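Coordinate inspection notes
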Amino acid sequence: VLRKAVLEAAHLRSLSRARGGEDRLRLDQSLRRALKTLRVAYQPIVSCATRETIGFEALMRSTEPALTTPAAVIDAAEKLGLLHTLGRRVRNIVAAQIEDAPRATAIFVNLHPSDLADPDLFDPASPLSRVARQVVLELTERASLEAVPDLELRFESLRALGYRLAVDDLGAGYAGLSYFARVQPEIVKVDMSLVRGVDADVVRQRVVHSLVSLATGLGMEVVAEGIETAAERDCVVRLGCTYVQGYALARPGPAFPSITWP
Ligand code: C2E
Ligand code: MG
Ligand code: MG
Ligand code: MG
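Notes on the structure in this doc start here.

What counts as what
Residues numbered from 1 in each chain as written. Chains lettered and ligands numbered in written order. Predicted model: local features only at pLDDT ≥ 70, side-chain atom pairs only at ≥ 80, totals over all residues. Heavy atoms only, no water. Helix = DSSP H or I, 4+ residues; strand = E, 2+ residues; numbered from the N terminus. Buried < 20%, exposed > 50% of the residue type's maximum accessible area, 1.4 Å probe, protein only. Contact = heavy atoms within 4.5 Å. Lys, Arg positive; Asp, Glu negative; His and termini not counted. Charge placed at Lys NZ, Arg CZ, Asp CG, Glu CD. Donors = N, O, S within 2.8 Å, 3.2 Å for Na, K, Ca; no water. Polar contact = N/O pair within 3.5 Å; in protein donor to acceptor, adjacent residues only side chain to side chain. Patch = residues over 30% accessible without salt bridge, like charges linked within 9 Å, V, L, I, M, F, W, Y side chains within 5 Å. Areas by Shrake-Rupley, 256 points an atom, 1.4 Å probe, with all protein chains shown as cover. Salt bridge = Lys/Arg side-chain N within 4 Å of Asp/Glu carboxyl O. Expected span 1.5 Å × (residues − 1). Arc of directions from axis to C-beta.

A separate point is the overall build of the protein. Within the protein, the secondary structure is distributed over nine helices and eight strands. Oriented by its inertia axes, the alpha-carbon framework of the protein measures out at about 75 × 45 × 35 Å. For the protein, the residues scored as buried account for 46% of the 262 residues in total. A separation threshold of at least 6 residues defines the contact pool for the protein, and within that pool the share at least 24 residues apart is 68%. Across the protein, the centroid of the 32 positively charged side chains sits 6 Å from that of the 32 negatively charged ones.

This is how it looks when you write it as structure tokens:
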């Protein structure tokens, strides 16, 4: 009886391994299709002072059924070791479309921490590097950069290519002030969790105001992201944010939906 149970258990294990392999194959096929048909949507970033569009955030869009959100695509690419392929794909699409962007606007491109280990990002001959002066690279504060060796050197190289740098999702992560010292970004983006309902929440107002003071004191510009209402927009303008981005101004769309807010 024991022997039979052991054999059955082994059989079940090999079945589930086979199923795992099948899942992996299916995910691999989905991701490869998603990479082929990947598009980029652009969401306007608007100046609080002039109310004009100063830039656009590039956001990947996939119509592959199992991989409809950026998080799902990134997760699959991570599992299958294709993060660099994904990053290059987005950067090459942006590079091909950037000539259609209105003059004097910047394109904000999200990086995954692993992109900082991709030689293509640092190649002066890569398509995006050729237009680096028009590009702001966003690094999320959510992810740890502890594991990235020679981080300061890498940022220096990116700046030498002409890129500007932004810290994304400020206030949502755990990096704190040491992050600023390491990245010294030109721009910071206040996370939408601090923006949501800010007009009716004195504590959020104080936090945003403090972040704005800190950032502008260090010579950085501040984007408030995830603005969904006119009240949130007017509030972050009062609190000193330089730029606003969110559904209240414009949703991400095909290249390039420039707007002026009413
Ligand atoms: P993120 O970089 O913080 O981008 C902002 C996200 O908020 C986008 O979601 C955008 O569509 C959404 N958003 C903009 N305005 C509003 C608003 O008013 N309300 C709400 N509720 N949401 C708003 P999306 O496109 O789904 O992207 C989610 C995240 O996936 C991004 O967050 C970014 O971390 C990552 N991501 C997107 N595209 C790329 C990419 O090309 N490369 C990399 N590495 N990451 C990307
Ligand atoms: Mg971003
Ligand atoms: Mg982000
Ligand atoms: Mg963000």
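On to the coordination of the magnesium ion (ligand 2), then. On the protein side, the magnesium ion (ligand 2) has Glu-57 (OE), Asn-110 (OD1), Glu-138 (OE) and Asp-168 (OD) as donor atoms, found 2.0 to 2.2 Å from it. Between consecutive donors of the magnesium ion (ligand 2), the numbers of intervening residues give the motif E-x52-N-x27-E-x29-D.

Right, let's get into the coordination of the magnesium ion (ligand 3). Coordination of the magnesium ion (ligand 3) by the protein comes from Asp-168 (OD) and Asp-169 (OD), over a distance range of 2.6 Å. Between the magnesium ion (ligand 3) and the magnesium ion (ligand 2), a spacing of 3.9 Å is present, and a bridge between the two is formed by Asp-168. The pair Asp-168 / Asp-169 is uniform in exposure class, with both members buried.

You can see Glu-232 is positioned in helix α9 (residues 230-238). Within the local environment of Glu-232, its side chain forms a polar contact with the backbone nitrogen of Gly-197, the two atoms lying 2.9 Å apart. Non-local contacts of Glu-232, meaning those with residues more than four positions away in its chain, are made with Val-195, Arg-196, Gly-197, Val-198, Asp-199, Gly-226 and Ile-227.

Taken together, Leu-177, Leu-214 and Leu-218 make up a surface patch of nonpolar side chains, about 280 Å² in accessible area. Assignment of secondary structure puts Leu-177 in helix α6 (residues 177-183).

Between its first and last C-alpha atoms helix α8 (residues 202-217) spans 22 Å; for 16 residues at 1.5 Å apiece the expected length is 22 Å, and the two agree. When α8 is considered as a whole, its buried residues turn out to be Gln-205, Val-208, Leu-211, Val-212 and Ala-215. The buried residues of α8 occupy an angular sector of 130 degrees when projected down its axis, which confines them to one face. In this structure, α8 carries Val-203, Arg-206 and Gly-217 as exposed residues pointing more than 90 degrees from its buried face. Buried residues along α8 sit against β5 (164-170), β6 (187-190), α7 (192-195), β7 (221-225) and α9. Two or three places before Val-203, at the opening of α8, Asp-201 has a side-chain oxygen 3.0 Å from that residue's backbone nitrogen. The positive-phi residue at the C-terminal boundary of α8 is Gly-219, with phi of around 80 degrees.

Along the chain, Thr-105 turns up in the loop between α3 (83-97) and β3 (106-111). The class for Thr-105 is buried, based on a relative accessible area of 6%. Between the C-alpha atoms of Thr-105 and Val-222, which are 117 residues apart in sequence, the distance is 16 Å. Setting aside its immediate chain neighbours within four residues, Thr-105 contacts Thr-53, Ile-54, Gly-55, Phe-56 and Gln-134. A distance of 2.7 Å separates a polar side-chain atom of Thr-105 from the backbone oxygen of Pro-102.

Everything listed is a geometric property; what it means functionally is a separate question.
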